[in-house]
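# An overview of the molecular structure
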Amino acid sequence: MSTIHDVAEKAGVSIKTVSRVLNDASSVSDKTRAKIEQAMQALDFAPSAAARMLRGRPTDLVSVIAEQLTTTPDSSEIIKGIQSVCEEFGKMLLIGETGGHPGTAGRLVADMRERRVEAIMFATPHHAHVTIGPALGATPTVLVNCFESPARFPQIVPDDEGGGYAAAQLVLKAGHKKIALLQLIDDMVATRLRLQGFLRAMREHGVTPREEWMLHGALPIPDAEFSHLEDAIDRLFASAHRPTAILCGNDKMAMRAIFILQRRGLRVPDDVSVVGFDDFRLISEALDPGLSTVSLPYREMGALAARCAFSGDAVAGTVRVPCLGVERGTVTRPAKTKRK
């Protein structure tokens, strides 16, 4: 790689003059500056982050330390949101993946601080409680899709309680009262919060939820996440008293539920309305009819986290980004209501 010495030699100037150009000094003539810039281009010279730091200039480097985020298709939108703000501010984004190993996170923090990044963002693929180590020093830090208790940094999370409320509203407003809930695994933060939102919406509409219709449609087994979904749906439809609407923990579950219902001769939405969660558009927009769902605002969360990281005056605390209902074609009025 070319050095500042190579640039000075090619341009026929002193190293000090090249340094002045790198520091945007006004004491260098336009003619000399042009010669140096041409030499830099010819030599493919790029000043290092370390050199920028020694000159007292920002490195323009920011980092994300992620837990299996880049390999999770829907939540990778967080990275896209962060990247969009980095481009706006002229920052370069460095991404370090922990692979889910806490020790790796500590090493990545040390590596990013050695590179003098201007901010560190921690991100997880699912809404999660985390513990951030003490080795951050004064580096501005923001959490996205995760949180500490109590909050030491700005932390940007989805409003999952509001999302559970929005999912229920999609079918309650259509006139449904026989509503089943197929939840994600029990120990997820999102599962608990969405259940709270679901119950709040049911109370507001004067509808009593049936405990036997509130099931878990997913298992904590990566290769068999929905292995018992058919059994769960068969339990819902085992008797004449059956739900007219099903709320699912995510869009992948909703898609599988629709296929299972269709194999049993039930039409969606004519016989059963179905709602997903995530608005993962590779699914929600590809299904026919399109899947009614609730958005998980990953890209907005990433962009907001980056703006907090760059603001310089962000305060510790939790910001909840709304999860909004998205109406498409899998929700309609209950069949009996339509026949009246």
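Note: the structure precedes this text.
Calculation rules
Residues numbered from 1 in each chain as written. Predicted model: local features only at pLDDT ≥ 70, side-chain atom pairs only at ≥ 80, totals over all residues. Heavy atoms only, no water. Salt bridge = Lys/Arg side-chain N within 4 Å of Asp/Glu carboxyl O. Helix = DSSP H or I, 4+ residues; strand = E, 2+ residues; numbered from the N terminus. Core = buried A, V, L, I, M, F, W, Y, C linked by side-chain atoms within 4.5 Å. Buried < 20%, exposed > 50% of the residue type's maximum accessible area, 1.4 Å probe, protein only. Contact = heavy atoms within 4.5 Å. Pairing = 2+ DSSP bridges. Axes fitted to C-alpha atoms, helices over the stretch in contact; angles between N-to-C directions. Parallel < 35°, antiparallel > 145°, perpendicular 65-115°, else oblique. Nonpolar A, V, L, I, M, F, W, Y, C, P; charged D, E, K, R; others polar.

### Some thoughts on the pattern of salt bridges
Within this structure, the stated rule accounts for 18 salt bridges. Notably, a salt bridge pairs R263 with E230, separated by 3.2 Å at the nearest N-O pair. Of this pair, R263 sits in helix 10 (residues 251–263) while E230 sits in helix 9 (residues 229–236); the two residues are 33 residues apart in sequence, bridging distant segments of the chain. Between R328 and D279 there is a salt bridge, and its shortest N-O distance comes to 3.0 Å. Placement of the pair is R328 in the loop between strand 12 (325–326) and helix 13 (335–339) and D279 in the loop between strand 9 (273–275) and helix 11 (281–284), with a sequence separation of 49 residues.

### Examining the nonpolar core
Formed by 45 residues in total, the largest nonpolar core has its most connected members in V64, I82, M121, I156, I179 and L247. Per element, the largest residue contribution to this core is eight residues, and it comes from helix 12 (residues 298–311). Here L247 is in contact with A167, A168, V171, I179, A180, L181, L182, F198 and V275, once residues within four sequence places are set aside. Counting residues in each nonpolar core, the second largest holds 30 residues, with L182, W213, A218 and L236 among its members.

### Some remarks on unusual backbone geometry
Note: most residues except glycine have negative phi, and most peptide bonds are trans. Residue S149 is joined to P150 through a cis peptide bond whose omega torsion reads -5 degrees. Within the element layout of this structure, P150 appears in the loop between strand 4 (141–147) and strand 5 (154–158). Looking along the chain, the bond that leaves V268 and enters P269 is cis, with omega of 10 degrees. Position of P269 relative to the elements: it lies in the loop between helix 10 and strand 9.

### Notes on the sheet that holds strand 6 (residues 179–183)
The strand order across the open sheet built from four strands is 7-6-8-9, with neighbouring strands paired in parallel fashion. Whereas interior strands pair on both sides, the edge strands pair on one side only; in this sheet they are strand 7 (214–216) and strand 9. Between one strand axis and the next, the sheet turns through 20 degrees on average, direction left out of account. Relative to strand 9, strand 8 (residues 245–248) runs parallel, the two being bridged by three bridges. Bridge assignment links A245 to a residue of strand 9, and that residue is S273. Running at roughly 165 degrees to strand 8, helix 7 (residues 160–172) makes contact with strand 6, strand 8 and strand 9 of the sheet. Strand contacts of helix 9: strand 6, strand 7 and strand 8, with the helix running at about 165 degrees to strand 6, the strand carrying the most contacts.

### What to know about the packing of helix 2 (residues 15–22) against helix 3 (residues 30–43)
Following both chains from N to C, one finds helix 2 and helix 3 inclined at 90 degrees, their axes separated by 10 Å at the closest point. With respect to their mutual orientation, helix 2 and helix 3 come out roughly perpendicular. The segment helix 2 lies against helix 3, with T17, V18, V21 and L22 engaging T32, R33, I36 and M40. Looking at side-chain class alone, the contact of helix 2 with helix 3 contains five nonpolar, two polar and one charged residues.

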